[in-house]
Amino acid sequence: MNIATPPRVTTRGLSDAITRHLRYSFGREPEFAGLEDWRMALSYAIRDQIADSWFKAAGTARNQGAKRVYYLSMEFLIGRLLEDGIVNLGLVDQAREALAALGQDYDEVLADEPDAALGNGGLGRLAACFLESLSTLGCPAYGYGIRYEHGLFRQSFQGGRQVEAPETWLLQRHAWEFERPEARFRIGFGGHVEEREGRKLWLPGEHVDAEAYDTPIVGWQGRWANTLRLWSAKACDPFDLPAFNRGDFTAAAQPEALARTISRVLYPDDTTEQGRELRLKQEFFLTAAALRDILARFDKEESDIRKLPQYVAIQLNDTHPAVAGPELVRILHDERGLPLDEAMQTARACLSYTNHTLLPEALESWGEDLFGRLLPRHLEIADLIDNAHYEANPNRTQSMRADGQVKMGQLSFVMAHKVNGVSALHTELMKETVFAELHHLHPERIVNQTNGVTPRRWLLACNPRLSGLITETIGDGWVDDLERLRELEPAIEDAGWRQRFAEAKRANKAELAEYISQTQGVSLDPDAMFDVQIKRMHEYKRQHLNILETIALWQEMKDNPNADWTPRVTLFAGKAAPGYAFAKDIIRLINDAAEVINADPATRDKLRVLFLPNYNVTLAERLIPAADLSEQISTAGKEASGTGNMKFALNGAMTIGTLDGANVEIREHVGAENFFLFGMTASEVEERRAVEDHAQQAIAADPRLARALQAVGSGAFSPDEPDRYAHITENLSGADYFLVASDFSDYWRASREADAAFADRAGWIRRAALNTARSGWFSSDRTIRGYMRDIWAARSHLED
Ligand code: 26Q
């Protein structure tokens, strides 16, 4: 049986399905339906179409006894799903027309969907892109995560300062999940370990239940759909009846409330915040539930547990689910009776681990007291694993069990058959730094899989103007074969085609300007250069370098008001972890500087600065198609990969960036002449840090930097509190760990180069279009093929 593209529903069929769901799933007559009713009815109509591919895919995988890929991740930053489903099923025109026939506006209905923010940033969004590519490629796979009641906090500004509010996506109706009361597992914590009949037995002291909720993730053209299975924590006995009968109603509801805290809220990526017990509980909760589910599926198909690796590939998305190593060994050894050695080998053959950071403060480790209290048997098994590793490698010097800690990166490495980095540079740095000794002992284990992004969401859906032009030029084969964008290159040499490319970008910018005018009350000139930095706030990402350069530019514009400046709109968006004070101060500085700069009559038609609140997937989908310049300016060696950088290049923005993460590979693909490179390399960064007074030297050598710092430090942007930012300027003139001062001059140079390049309209458009044409390699389809081949030994079942 060949899994062909399923037949498409007609406009009429879709509008009938919408009214049917409106009436019979939601109990509304069309004349009384509100926006949310229409959105839900359309979602159900689309979901019906997805469900058919979903059943078929699951059946194919079962009948074939297929090897399944299990992607374990504490985060899935999926954003909205309705447009994704419509686009992948090829139903955009039908859905638009069906709604119009029912008197509804397609864009308005789509915009009603809440953005599912079950992730912090890059790592969570990567997991979402991977699920979509796994479905597009027809690789049988499950994503396993937590169904957080509250996703990443909502961000607003008060007096320029970040204010956090709880996110409440589940308060709106959610169309995509199916509750699975039958898929429910009891998860233990704490307690103690006993020995019975020569076997160790873990007797947990408390329990919660993990209940599954399934969301189908459909691939391109609806040929395959995989499952995102999110676990929700429920009390084993939801209600304390004796307490209720005593009249103690609060105590009666206690078990449910306690259990539910486990899946209550997503932890913000907070490297300053150390080992909170609830976080470890969440990690074990996800991991244990996933493993139980995986083994239950395996047991239906095969009886010999030693064959597990033939059926199961488990990917650990960073170390967050690293307890999967000890837990799987515990199940195989304690519960299923495999000898310890064989249990470890079998587990290792199933497991692989992706590293997403080398920042020392972000490497997970848990104190053995906490770890042992919550997971006593797992602590013992971590020691057994460590001892076995030591016996096999007696000259090793480092252990995962030093200083009273359990080091999750080392544990993951030892328990994985493959360990991967997320860009070529990052993978090399893994070998040289954090994992140097382990790499030396296991030279085959570390492999690279450079990240990618799904072109369905990040070009076809979010940028209909550009994707329409592309399809007109080269046909629609590029959508699942993105390197075919190269076929655009001859067209780029045609002035008429370039004009159309420019018009698409101009229209995207005008649309963004309209949105910003309506939501922020700020008007922007769509003909100015749109210069965009959107990502989590972190010192290594150096948003402060960007705002300092912007301040210096403003000062220079005031000095030379009649010079021929390239008009520029500098846009920022991104959240700071609630406990990361310095990052929050950078947000406030940008907002304060924006207020002063935007109010200056001498520069207001040349320079605008704006920090957009509450960055999320949906906002990224608006900003990226409208960007001219993509800011990727991290300190070299610190950004593992970046994925926003790929989205911008694909949508025809030029990058200004350092040789960091995947920037290196983007520059190789698009051509050095189409990329504004600046700054020190990773090894120069290391050398520079050894120079005493490196910041002072840099400031002394660059009067622009000195003046910008002077303005910030003396309260030019905070006249009501002149020393508000003194600690920032002190940091940048002192230790300056991230080398903002040392990279400033070269960043200024590259920025002016970008200005000049933008002023040459024809030249810019050509270079921007070449970025699109040459970014096809950054499709997550290419990345997933790499994992399937090098790590999972999994295959596509589309043709079965
Ligand atoms: C850890 C402990 C406690 C609470 C939170 C966390 C936590 C949560 C999220 C730690 C890290 C993260 C997220 C990390 C992340 O997003 N890393 C990014 O991963 C991308 C995908 O590979 C890369 O492109 C980025 O370079 C990398 O920064």
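Structure: see above.
Report follows, based on the coordinates. (Residues numbered from 1 in each chain as written. Predicted model: local features only at pLDDT ≥ 70, side-chain atom pairs only at ≥ 80, totals over all residues. Heavy atoms only, no water.)

**Remarks on the side chain of Arg774**
As a reminder of what qualifies: Where helices and strands are cited, they refer to DSSP runs of H or I of at least four residues and of E of at least two residues respectively, numbered from the N terminus. Accessible area is worked out with a 1.4 Å probe on protein chains only. A residue is then buried under 20% of its type maximum, exposed over 50%, and partly exposed in between. Here, two residues are considered to be in contact whenever any of their heavy atoms come within 4.5 Å of each other.
Looking at the element boundaries, Arg774 is found in the loop between helix 32 (761–773) and helix 33 (780–792). The exposure class assigned to Arg774 is buried, which follows from its relative accessible area of 15%. Contact partners of Arg774, with chain neighbours within four places excluded, come to Arg486, Glu489, His669, Val670, Gly671, Glu673 and Asn674.

**A short note on the site of the ligand**
Applicable threshold: If a single non-hydrogen atom of a residue is within 4 Å of a molecule or strand, that residue counts as near it. Pairing of N or O atoms within 3.5 Å defines a polar contact, subject to two protein rules: one partner must be a possible hydrogen donor and the other a possible acceptor, and residues neighboring in sequence count only if both atoms are side-chain atoms. For this scheme, ten residues count as nonpolar: Ala, Val, Leu, Ile, Met, Phe, Trp, Tyr, Cys and Pro. Four count as charged, namely Asp, Glu, Lys and Arg, and the remainder, Gly too, count as polar.
Around the ligand, the surrounding shell holds 19 residues, and the nearest of these are Leu123, His356, Asn451, Glu639 and Gly642. With respect to the ligand, the backbone of Ala640 contributes an N or O atom lying 3.3 Å from an oxygen atom. Of all the elements, helix 6 (residues 122–136) adds the most residues to the shell around the ligand, at 3 residues. The class makeup of the residues in the shell around the ligand is 7 nonpolar, 8 polar and 4 charged.

**A closer look at the sheet that holds strand 18 (residues 529–534)**
Worth spelling out the cut-off: Here, a strand pair is defined by DSSP locating no fewer than two bridges between the strands. Angles shown run from 0 to 180 degrees and are taken between the N-to-C directions of axes, each axis being a line fitted to C-alpha atoms and, for helices, limited to the stretch in contact.
With respect to topology, 6 strands assemble into an open sheet ordered 20-19-18-21-22-23, the strand pairing being parallel. Of all the strands in the sheet, just strand 20 (607–612) and strand 23 (675–677) have a single pairing partner and so form its edges. Recorded for the sheet is a direction-independent mean angle of 20 degrees between the axes of neighbouring strands. Direction of pairing for strand 21 (residues 629–632) relative to strand 22 (residues 654–657): parallel, over a ladder of 4 bridges. Among the inter-strand pairings, Leu629 is bridged to a residue of strand 22, identified as Met654. Across the face of the sheet, helix 26 (residues 663–670) comes into contact with strand 21, strand 22 and strand 23 while running at roughly 135 degrees to strand 23.

**Description of helix 30 (residues 726–733)**
For the α-helix, the turn length of 3.6 residues means that residues three or four positions removed from each other point alike. We count it as follows: Summarising the geometry, the arc corresponds to the directions from the helix axis toward the C-beta atoms.
Buried residues of helix 30: Ala726, Ile728, Thr729 and Leu732, and no others. The buried residues of helix 30 occupy one face: seen down the axis, they fall within an arc of 160 degrees. As for helix 30, its buried residues are in contact with helix 22 (543–559), helix 23 (581–598), helix 28 (694–701), helix 29 (703–713) and helix 31 (740–759).

**Brief notes about the side chain of Arg498**
Convention followed: Here Asp and Glu are counted as negative and Lys and Arg as positive; His is not counted, and neither are the chain ends. Definition used for salt bridges: Asp or Glu carboxyl oxygen within 4 Å of a side-chain nitrogen of Lys or Arg.
The residue Arg498 is located in helix 21 (residues 495–520) in this model. Glu493 provides the closest opposite charge to the buried, salt-bridge-free Arg498, at an N-O distance of 4.6 Å. Within the structure, the side chain of Arg498 is placed 2.8 Å from the backbone oxygen of Ile492, a separation counted as a polar contact. For Arg498, the contacting residues outside a window of four places in its chain are Ile492, Glu493, Ala762, Ile765 and Arg766.

**Concerning unusual backbone geometry**
Here Asn614, not a glycine, exhibits a phi torsion of approximately 55 degrees, which is positive. Note that Asn614 resides in the loop between strand 20 and helix 24 (617–623). Since its relative accessible area comes to 21%, Asn614 is described here as partly exposed. Although it is not a glycine, Ala793 sits at a positive phi angle of roughly 50 degrees. Looking at where Ala793 falls in the secondary structure, it is placed in the segment after helix 33.

**Digging into a nonpolar patch on the surface**
For the record, the criterion: Here, patches come from residues exposed beyond 30% relative accessible area and free of salt bridges, joined within 9 Å for like charges and within 5 Å for nonpolar side chains (Val, Leu, Ile, Met, Phe, Trp, Tyr). Note that accessible areas follow from Shrake-Rupley with a 1.4 Å probe, and for residues the cover is restricted to the protein chains shown.
Taken together, Phe239, Leu241, Phe244 and Phe249 make up a surface patch of nonpolar side chains, about 410 Å² in accessible area. Looking at where Phe244 falls in the secondary structure, it is placed in helix 7 (residues 241–245). The exposure class of Phe244 is partly exposed, given its relative accessible area of 36%.

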